Amino acid sequence: MAASSRGFTATPFTSLELKRLNISPRYRRGLELPKKRRICLDGDRDWPNRITCCCPDSVVPIRRPTGSGKSVDKAEDWRLDTKKNPHRVRIQALPAMPFASPQSHFFSKQEKYYPRCTPRNSGPQSRDTPPKRDTGIANEKDWGINLLNEHVSESGTNEDGSTWSRESGEDLGENGYRCRWARMGGQSHDGSSEWKEMWWEKSDWSGYKELGVEKSGRNAEGDSWWETWQEVLHQDEWSNLARIERSAQKQAKSGTENAGWYEKWWEKYDAKGWTEKGAHKYGRLNEQSWWEKWGEHYDGRGSVLKWTDKWAETELGTKWGDKWEEKFFAGIGSRQGETWHVSPSGDRWSRTWGEEHFGNGKVHKYGKSTTGESWDIVVDEETYYEADPHYGWADVVGDSSQLLSIEPRDRPPGVYPKLDFGSSSPPPTDNPPDVPPPPE
């Protein structure tokens, strides 16, 4: 999995008290073990994770992933309890939302990678499992896309009265465009549950290649979900370099309570090491809502930009959040961030902090809060940051063999492709359907 989830996830725990007033972005890397080059300058390397929340509100949801990102065997929702002391927090585990948990009652008991193409004249396997939260972008092998060379259109009824359908085909267009696709689906005997899934591969004479999946479903309890995954190879418009882009969107809603979640993930890589990754997340559980956005940008020449912004609110009007940003190049850079809280009456508390790293073992640290705190010091401290993505161009090429093996249509002699390089712009930031905008 190419992108790691962000969260207060330094170590597994069932309860933890977090120290007051110490703020730093460093905790966010607790789950990542970079394979490649790290930048270390003079100073003391052993510095602790520092997490802060000074919110007198009752709870804030936090999730703890328990895997590497490729799969999640357990998922729990975490909340911060600050009733006893407004400046100390306790994290406690709560049951995950029923429609989002891999242990839910409609979770498939089949093998993780069971065959997805069954013999002719038999129905496709049931695909009624919802997506999982905080699992990022799957590799193509996890989907098991297998497009038939022949066109199929068939349907049937199973012994329990449920129905199924399956069809496949090919669409052709200008400039050598070809799209091979397959659709399948099923429905229970009373129509209370259903599932749909579509696979496709696209190509044209410009060298563009695309592999994709879209699936959706609902169950008898009213839970519904939707998921799409896409992998693209094209030539970048500005650099003329080969680029691979991967993306995923996932959404689920509960049919029995006011709960749901949405995630959008993207990754972009080019052959010279330029890399961009990011995610937008939203969730709601009854009276609480929370948001998270993060991004990473590596220019392939040593410059790094990373940022995270997360916030939450309740229907009573309480809001709180935390954000940070870091920029580095050649051992010189900065970090800065803010933790804040707004009460239902409109009273606002915030603490801002910053670090300037000079590349010589000296770090300037400064900050202040709305309660009158302030600091401004220079310390001897090691500068540490990740100069390269832990998953880069070589990794994504190795995991994209099916995309790279897509065969375009034969091009007649004397016919030349029309080059349409595609877009280099980041994905749109539109809110997903039925998701309220973030708080001001």
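Worth saying up front: this structure is predicted, and the values here are computed from it rather than measured. (Residues numbered from 1 in each chain as written. Predicted model: local features only at pLDDT ≥ 70, side-chain atom pairs only at ≥ 80, totals over all residues. Heavy atoms only, no water.)

1. Observations regarding the packing of aromatic side chains
Here is step 1: For the coordinates displayed, the defined rule picks out six aromatic pairs.
Here is step 2: Judged by centre distance (6.3 Å) and plane angle (45°), the ring pair of Trp-143 and Trp-229 falls under tilted. Taken together, the residues Trp-143 in helix α1 (residues 140-143) and Trp-229 in strand β10 (residues 224-235) connect sequence positions 86 residues apart.
Here is step 3: For Trp-143, a relative accessible area of 7% gives the class buried.
Here is step 4: Here Trp-229 falls in the buried class, since its relative accessible area comes to 1%.
Here is step 5: Ring pairs connect the aromatic residues Tyr-282, Trp-291 and Trp-311, which therefore count as one cluster.
Here is step 6: Here the guanidinium or amino end of Arg-183 rests over the ring plane of Trp-181, the centre of that ring lying 4.3 Å away.
Here is step 7: The cationic tip of Arg-243 hangs over the ring face of Trp-274; the distance from NZ or CZ to the ring centre is 4.2 Å. (Phe/Tyr/Trp six-rings, centres within 6.5 Å; stacked < 30°, edge-to-face > 60°. Helix = DSSP H or I, 4+ residues; strand = E, 2+ residues; numbered from the N terminus. Buried < 20%, exposed > 50% of the residue type's maximum accessible area, 1.4 Å probe, protein only. Lys NZ or Arg CZ within 6 Å of the ring centre and 35° of its normal.)

2. A few points about the pattern of salt bridges
Here is step 1: Counted according to the given criterion, the structure contains 21 salt bridges.
Here is step 2: A salt bridge links Arg-178 to Glu-170; the nearest nitrogen and oxygen atoms lie 3.7 Å apart.
Here is step 3: Classification of Glu-170 by relative accessible area gives partly exposed; the value is 33%.
Here is step 4: For Arg-335, the salt bridge identified is with Glu-326, shortest N-O distance 2.8 Å. Judged on exposure class, the residue Arg-335 and its partner Glu-326 are both buried.
Here is step 5: Within this structure, Asp-236, Arg-243 and Glu-245 form a network of salt bridges that share partners. (Salt bridge = Lys/Arg side-chain N within 4 Å of Asp/Glu carboxyl O.)

3. Some points on the side chain of Glu-227
Here is step 1: Inspection of the secondary structure puts Glu-227 in strand β10.
Here is step 2: No salt bridge is formed by the buried Glu-227. Its closest oppositely charged neighbour is Lys-215, at 4.5 Å.
Here is step 3: When near neighbours in sequence (up to four residues on either side) are disregarded, Glu-227 contacts Pro-131, Trp-143, Val-213, Glu-214, Lys-215, Gln-249 and Lys-250. (Lys, Arg positive; Asp, Glu negative; His and termini not counted. Contact = heavy atoms within 4.5 Å.)

4. Digging into unusual backbone geometry
Here is step 1: With a phi close to 60°, Asn-175 is a non-glycine residue in the positive phi region.
Here is step 2: Tracing the backbone shows Asn-175 in the loop between β6 (163-172) and β7 (178-187).
Here is step 3: Even without being glycine, Asn-286 reaches a positive phi, approximately 55°.
Here is step 4: Within the fold, Asn-286 resides in the loop between β13 (275-285) and β14 (288-298).
Here is step 5: Its relative accessible area of 31% is what places Asn-286 among the partly exposed residues.

5. Focus: the environment of Asp-376
Here is step 1: Take Asp-376: it is sitting in strand β20 (residues 374-380).
Here is step 2: Beyond its immediate sequence surroundings of up to four residues, Asp-376 is in contact with His-364, Lys-365 and Tyr-366.
Here is step 3: Polar contacts involving the side chain of Asp-376 include one to the side chain of His-364, which spans 2.5 Å. (Polar contact = N/O pair within 3.5 Å; in protein donor to acceptor, adjacent residues only side chain to side chain.)

6. With respect to the environment of Glu-325
Here is step 1: Take Glu-325: it is sitting in strand β16 (residues 319-329).
Here is step 2: Between the C-alpha atoms of Glu-325 and Arg-335, which are ten residues apart in sequence, the distance is 5.7 Å.

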